[in-house]
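# Survey of secondary and tertiary structure
Here is how the chains run, residue by residue.
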Amino acid sequence: IRKLLAAEAPLFRDHLLRLDRDSRRLRFAHSVADSFIEDYAARMLDNGAIVYGCLVGGEVRGVAELRKLGDTWGHEAEAAFSVEKDWQDEGFGSELMGRVIRSARNRGVQLLYMSCLAENGRMQAITRKWEADLRFEYGEVVGEIVPETPDYFSLVAEAVEDRVGYMMAVLDLSARLV
């Protein structure tokens, strides 16, 4: 699991395109066409978003997105997740959630939102593991997590993972070019 680079937007797109119809609906809260996914993936890092990918054999099989609410990192942010059906129940969602929470923490986010359809029990279970407060609103479940204040260890952990992740991304990109 590592942050995806802008050059890896096609891997992000391919992951989203591999989601089956129901998984797409659960991820986006409604049915979406391939053209929507193409456009969405092309804007992967718009507005400073952070996207973590779970790579297996060079393919992204799960993602977690952290998006700020507003122009700057600060009070609130939103998280979104997707894991391909064949890779669910392997702990990837929980790992991705942990990375997103730490990234939010390190950016001074005081309230992290995650919303999903009321029927998305997997996402609700993952957010409960991270002690989210869940509430039902208009057919959706909204989870709220209050990240801890950043400290030396959380900042260093993310910085070290970023360095290793960047090196792995370069190696992955090099392997694809051969």
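First, a word on scope: everything that follows refers to the structure included in this document. Keep in mind that what you see is a predicted model, and the values were worked out from it rather than measured.

Analysis parameters
- Within each chain, residues carry numbers counting from 1 in the order of the written sequence.
- Since the coordinates come from a predicted model, pLDDT governs what is reported: local features require at least 70, and pairs of side-chain atoms require 80 or more to be given and counted, while whole-chain, interface and lining totals use all residues.
- With hydrogens and water set aside, each side-chain value is computed from the structure's full complement of heavy atoms.
- Each helix corresponds to a stretch of at least 4 residues labelled H or I by DSSP, and each strand to a stretch of at least 2 residues labelled E; elements are numbered beginning at the N terminus.
- Buried means the residue's accessible area, taken with a 1.4 Å probe over protein chains only, is under 20% of the maximum for its type, while exposed means over 50%, and partly exposed covers the values in between.
- Residues count as neighbours in contact if any of their non-hydrogen atoms are within 4.5 Å of one another.
- Any two strands with at least two DSSP bridges between them are considered paired.
- A fitted line through C-alpha atoms represents every axis, and for helices the fit uses only the stretch in contact; the resulting angles, taken between N-to-C directions, go from 0 to 180 degrees.
- Note on angle classes: values under 35 degrees are labelled roughly parallel, values over 145 roughly antiparallel, values of 65 to 115 roughly perpendicular, and the remainder oblique.
- Crossings are assigned a handedness: left-handed for a near helix turned anticlockwise from the far helix by less than a right angle, right-handed for a clockwise turn.
- We define a nonpolar core as any set of buried Ala, Val, Leu, Ile, Met, Phe, Trp, Tyr and Cys residues linked to one another through side-chain atoms lying within 4.5 Å.

### Section: the environment of W87
- Along the chain, W87 falls in the loop between β4 (76-83) and α4 (92-106).
- You can call W87 partly exposed: its relative accessible area is 27%.
- Sequence separation between W87 and R107 is 20 residues; the distance between their C-alpha atoms is 29 Å.
- Apart from residues no more than four positions distant in its own chain, W87 is found in contact with V56, R61 and F92.

### Observations concerning the sheet that holds β4
- Reading across the sheet, the seven strands line up as β1-β2-β3-β4-β5-β7-β6 and stay open at both edges, with mixed pairing between neighbours. Edge positions in the sheet fall to β1 (2-3) and β6 (133-137), since each of these pairs with one other strand and no more.
- Two elements, strand β5 (residues 111-117) and strand β7 (residues 140-145), share six bridges in a ladder whose sense is antiparallel. Bridge pairing in β7 places C116 opposite V141.

### A closer look at the packing of α4 against helix α6 (residues 152-177)
- Where α4 contacts α6, the two axes come as close as 10 Å, and the packing angle between them is 120 degrees. Classified by the interaxial angle, the pair formed by α4 and α6 is oblique. The handedness of the crossing between α4 and α6 comes out as left-handed. Note on element contacts: α6 touches α4 through S154, L155, A157, E158 and E161, opposite R99, R102, S103, R105 and N106.

### Structural notes on the pairing of β6
- As paired elements, β6 and β7 share five bridges and run antiparallel to each other. What sits directly across from R135, in β7, is V142.
- Counting the residues that bridge the hairpin from β6 to β7 gives two residues, and of these Y138 lies at a positive phi of roughly 50 degrees.

### Thoughts on the packing of helix α2 (residues 21-28) against helix α3 (residues 34-42)
- Here α2 crosses α3 at 50 degrees, and the two axes come no closer than 13 Å. As the angle between them shows, α2 and α3 are arranged oblique. Here the hand of the crossing between α2 and α3 comes out left-handed. Contact residues: α2 offers R24, R27 and F28, while α3 offers D34, F36, I37 and Y40.

### Structural notes on the nonpolar core
- L66, F81, V100 and L112 are the most contacted members of the largest nonpolar core, which has 22 residues in total.
- Counting residues per element, the ones that place at least two in this core are β2 (50-56), β3 (59-68), β4, α4, β5, α5 (121-129) and β7.
- Sort the elements by how many residues they give to this core and α4 lands first, with five residues.
- Apart from the residues within four sequence positions on either side, L112 is in contact with L66, A77, E78, A79, V100, I101, A104, G143, E144, I145 and P147.
- Core analysis: the second largest hydrophobic core is formed by 15 residues, F12, L16, V32 and M44 among them.

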